[in-house]
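Observations on chain architecture
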Amino acid sequence: MSACREIALLRELKHPNVIALQKVFLSHSDRKVWLLFDYAEHDLWKPANILVMGEGPERGRVKIADMGFARLFNSPLKPLADLDPVVVTFWYRAPELLLGARHYTKAIDIWAIGCIFAELLTSEPIFHCRQEDIKTSNPFHHDQLDRIFSVMGFPADKDWEDIRKMPEYPTLQKDFRRTTYANSSLIKYMEKHKVKPDSKVFLLLQKLLTMDPTKRITSEQALQDPYFQEDPLPTLDVFAGCQIPYPKREFLNEDEPEEKGDKNQQPPQNQHQQPTAPPPQAAAPPQAPPPQQNSTQTNGTSGTGAGVGAAGAGLQHSQDSGLSQVPPNKKPRLGPSGANSGGPVMPADYQHSSSRLNYQSSVQGSSQSQSTLGYSASSQQSSQYHSSHQTHRY
Amino acid sequence: MELEGQWWRGQLAADIHQALRYKELKLPSYKGQSPQLSLRRYFADLIAIVSNRFTLCPSARHLAVYLLDLFMDRYDISIQQLHLVALSCLLLASKFEEKEDSVPKLEQLNSLGCMTNMNLVLTKQNLLHMELLLLETFQWNLCLPTAAHFIEYYLSEAVHETDLHDGWPMICL
């Protein structure tokens, strides 16, 4: 999936429980893309980057972050992968996907939620498994299925009748024996973690982690589950007004190494850059730009290479016109220099846009930003994408 | 995880259709006020020809033309520049609608017969600049449903496998 698509889709996401992409900043001069996200204080959970808000108007609200970029980061297109082997986690992948299901369904998401629910109860990934190399395009992952059966037991024919119709069923038959898993069951696994099989929490987990996708509970049914009717009742603030038990994130200050001398920490002056977010919560570090410095692509926003500074005639419009409708007689003019001339086509006034985008830092070659960018509307900056997962375990 | 691209066959089809309808109601306004409006046909054809050469999907082609329309509506653009604008629109649209390996590459674009006939050579720098300008103009909002986004879903709802036209299955037409 292209970075361009990821960002465009992230722009669409608006939900109280989703970390919103507030703004995309372009840096034309070094061709970087900065993404401004909502800021959330605590990493609650690693799997799907589930975060929980600290003190503030949305205190204790759980938010999901980073859905798309997790995948983008796992994309095999990056030459980075050579240096830093990229692996994909199949721990949250539903059994029907591992057996070659071709359509995305809501049930697939429910399985993943079940995995995370179990992880919340036991503090360990329920289907933890050796991670595999990204390059495998085969849906069938032997080790992952083995892990699932080791926890759940091998599904009985009556429990999942349609398993025979799965594209990878022949492989399953060839590679697995039911008897290997005769002693495994979710009950036993959860009992080891002190979760009783007659508890409401176990019964809900069992419905979420049902092997047959057609029998798996739906989200609507899950919300009506007795587990959510018993004490403690669900609250918007997960801390239920109590003191927040996690240490406050440390400030990242200007000691952070910076590669750019021209970095400007002032809030952007231009009206285009007014943060649209609710004030102090909203600032988040831009995640490093998806376009990689050493991308192999030759086209498009993810491309790189040649500097952008070359100036030339050809473009006499005011960049400020941006989105506003311009009456025909006042149209900004994209000038005469030709696409076929070999001469500079764009330059000149596009440079205006980089001066608008004086809010930049530089992180080279890594899409997981370690350096963090000051944004002075906020009193704290910290990347929600790195550090200290273990300290915030729930 | 790349599953089949045919969303209209999946379980989520009704939800996706509803989301597209909702997006459609909020499309940016188009006034048809481009000073180069008379050239629109030519550049829409260019987009169609190039997208056929790369066997891009109809929704990428339609999105490209729509992006071109919106952009022309807001800027006074020379003919030379319009070539670059049109092809950048096509690239952006294909990046949004297509799998990544279907997106045309610069060298492939430049080697197309129609490009060399026009004595048109695109440079990486020019394309990148134009793409960024387009993205900024549209504020990265490329999720713009066109007729092409709906047609497969409506066909799948409206035409049954057994429906005939002149004695032949409609589904083959």
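Now for a look at the structure at hand.

Basis of the calculations
Residues numbered from 1 in each chain as written. Chains lettered and ligands numbered in written order. Predicted model: local features only at pLDDT ≥ 70, side-chain atom pairs only at ≥ 80, totals over all residues. Heavy atoms only, no water. Salt bridge = Lys/Arg side-chain N within 4 Å of Asp/Glu carboxyl O. Helix = DSSP H or I, 4+ residues; strand = E, 2+ residues; numbered from the N terminus. Buried < 20%, exposed > 50% of the residue type's maximum accessible area, 1.4 Å probe, protein only. Axes fitted to C-alpha atoms, helices over the stretch in contact; angles between N-to-C directions. Parallel < 35°, antiparallel > 145°, perpendicular 65-115°, else oblique. Left-handed = near helix turned anticlockwise from the far one by under 90°. Contact = heavy atoms within 4.5 Å. Nonpolar A, V, L, I, M, F, W, Y, C, P; charged D, E, K, R; others polar. Phe/Tyr/Trp six-rings, centres within 6.5 Å; stacked < 30°, edge-to-face > 60°. Lys NZ or Arg CZ within 6 Å of the ring centre and 35° of its normal.

**Section: the pattern of salt bridges**
Across all of its chains, the model carries 20 salt bridges over all chains by this definition. In this structure, the salt-bridge partner of aspartate 15 of chain B is lysine 106 of chain A, at a minimum N-O distance of 3.0 Å. You can see aspartate 15 of chain B sitting in helix H1 (residues 13–25) and its partner lysine 106 of chain A sitting in helix H5 (residues 106–122), one on each of two chains. For lysine 106 of chain A, a relative accessible area of 41% puts it in the partly exposed group. Salt bridges here are not isolated pairs; linked through shared partners, they connect Asp38, Glu58, Arg61 and Lys63 of chain A.

**Here we look at the packing of helix H4 (residues 79–97) of chain B against helix H7 (residues 124–137) of chain B**
Between two packed helices, the angle of one axis relative to the other and the distance separating the axes together describe the packing. All names here are of chain B. Two numbers describe how H4 lies on H7: the axes approach to 9 Å, and their chain directions differ by 70 degrees. Relative to H7, the element H4 is oriented roughly perpendicular. For the crossing formed where H4 meets H7, the hand is right-handed. Contacts between H4 and H7 involve Leu84, Val85, Ser88, Cys89, Leu91, Leu92 and Lys95 from the first element and Asn126, Leu127, Met130, Glu131, Leu134 and Leu135 from the second. In the contact of H4 with H7, the residues fall into 9 nonpolar, 2 polar and 2 charged.

**Focus: the packing of aromatic side chains**
The geometry of an aromatic ring pair comes down to the distance between the two centres and the angle between the two planes. All chains considered together, the criterion is met by 14 aromatic pairs over all chains. Pairing phenylalanine 140 of chain A with phenylalanine 176 of chain A gives two aromatic rings, centres 6.4 Å apart and planes at 65 degrees, and the pair type is edge-to-face. With a gap of 36 residues between them, phenylalanine 140 of chain A in the loop between strand E7 (132–133) and helix H6 (142–152) and phenylalanine 176 of chain A in the loop between helix H7 (169–175) and helix H8 (186–192) connect regions that are remote in the sequence. An aromatic cluster of three or more residues is present, and its members are Phe140, Phe149, Phe154, Phe176 and Tyr181 of chain A. Cation over ring: arginine 5 of chain A sits above phenylalanine 96 of chain B, and NZ or CZ is 4.9 Å from the ring centre.

**Looking at unusual backbone geometry**
A cis amide bond, omega -5 degrees, links aspartate 231 of chain A with the succeeding residue proline 232 of chain A. Looking at where proline 232 of chain A falls in the secondary structure, it is placed in the loop between helix H10 (219–223) and strand E8 (333–334). Located in the positive-phi region is alanine 240 of chain A, a residue other than glycine, with phi close to 50 degrees. On the secondary structure map, alanine 240 of chain A appears in the loop between H10 and E8. If you check the backbone angles, aspartate 166 of chain B has positive phi at about 55 degrees while not being a glycine. Relative to the elements of secondary structure, aspartate 166 of chain B occurs in the loop between strand E2 (164–165) and strand E3 (168–169). Classification of aspartate 166 of chain B by relative accessible area gives exposed; the value is 71%.

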